[in-house]
Amino acid sequence: MTTHRIVSHEAWIEARKQHLAKEKELTRLRDQLSQSRRDLPWEKVEKTYAFEGPNGKESLAELFQGRSQLIVQHFMFDPSWDEGCKSCSFWADNFNGIDVHLNHRDVSFVLVSRAPLATLQSYQKRMGWSVKWVSSFHNDFNRDYYVTATPEEIEAKRAYYNYAFDAFPGAERPGISVFYKDADGAIYHTYSCYARGLDMLNGADHLLDLVPKGRDEKGLPYPMEWLRHRDRYEDRPPTVSWRR
C-alpha cells in the first residue's frame, strides 16, 4: 500500500499548478543559461589532430563533415579495455538516430575514445549504434580536453577535471566538447562540460526523474550502481562508474 499523500482531484490540480510555476521559472532560467553558454568566449584550436575513423585517418576539421559545428562525446574507453564504460554506453544509447536531426541544424556529432579503432568498431557492432566513432589512440586529444589522466596524476591523486584539481580514480573520465569552424577553416573550442554537467544529455535520466521513484538510487553504494551495459542486465555484475 502506498504511503504517499492522497488528495482530491481539485487539491491535486492546485498542487500541480504550484509546481508548474517552479518548472516555468526553471525553464526561463535554463533559457538564460543556454544563451549565456552561447555567449562564452572561444579559444582557437592551434594543434593538429589525426583520428582513426571508418574513413581512415581524419583530421579534426574533417570530423565536421562540411558543417560549421561539431559536438564530441568523450567516451570512456581505455586502450586496455575490451568494452566501453557502462555509463558512457548509457549515454550513447540515447544518441542513436539523432545525427540526422543535428545535421539539419548544421551540427555534426561524433564519439571519440582512446581505444584502437578495431576495438571500438567491435563494441559498436555489439551495441548496435550507428553514430560515428573515431579513435584518438595516436594523439593528445583526450589529454588536451582533460578527460585522460597520466599514471603520475593518478598516483598523486591530482588531475585537472571539471575545471578543478581532484583525485582521478582511473585514467578515463567522461565529457562533451563543442567546436566551431569558420568559413576560412579556423577551428574554435566553444564549450566543454563534465561530470554532472552531462546529465542534460541523457534523455533516459530525464524520464526517470518524472516517475515517483525517480532514479531510485538512495542506499546504493554509489549513484548509478544499478546500471549495466544494456545487454548485461542479467548475467554480469556492474563495473565501476566514474560519474559524480
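You'll find the structure just up there.
An account of the accompanying structure is given in this report. (Residues numbered from 1 in each chain as written. Predicted model: local features only at pLDDT ≥ 70, side-chain atom pairs only at ≥ 80, totals over all residues. Heavy atoms only, no water.)

## Some points on the packing of aromatic side chains
- Taken as a whole, this structure holds 24 aromatic pairs when the rule is applied.
- An angle of 85 degrees between the planes, with centres 5.4 Å apart, marks the rings of Tyr145 and Phe179 as edge-to-face. Residue Tyr145 is located in the loop between α6 (141-144) and α7 (151-156), and its partner Phe179 is located in strand β9 (residues 175-181); the two are separated by 34 residues in the primary sequence. For the pair formed by Tyr145 and Phe179, the shared burial category is buried.
- Relative to Phe168, the ring of Tyr161 has its centre 5.8 Å away and its plane inclined at 85 degrees; by these criteria the two rings are edge-to-face. (Phe/Tyr/Trp six-rings, centres within 6.5 Å; stacked < 30°, edge-to-face > 60°. Helix = DSSP H or I, 4+ residues; strand = E, 2+ residues; numbered from the N terminus. Buried < 20%, exposed > 50% of the residue type's maximum accessible area, 1.4 Å probe, protein only.)

## Structural notes on the pairing of strand β10 (residues 187-194)
- The element β10 is largely enclosed, with a buried count of six among its eight residues.
- Where strand β1 (residues 43-44) lies against β10, two bridges are found, and the strand directions are antiparallel. Its bridge partner lying in β10, Glu43 is registered against His189.
- Judged from the seven bridges that link them, β9 and β10 form a sheet pairing that is antiparallel. If you follow Ser177 over to β10, its bridge partner there is Ser192. (Pairing = 2+ DSSP bridges.)

## Topic: the pattern of salt bridges
- Enumeration over the complete set of coordinates arrives at 17 salt bridges.
- Between Glu23 and Arg16 there is a salt bridge, and its shortest N-O distance comes to 2.9 Å.
- A relative accessible area of 30% places Glu23 in the partly exposed class.
- Beyond isolated ion pairs, a larger network of salt bridges with shared partners links Arg196, Asp199, Asp205, Asp209 and Arg215. (Salt bridge = Lys/Arg side-chain N within 4 Å of Asp/Glu carboxyl O.)

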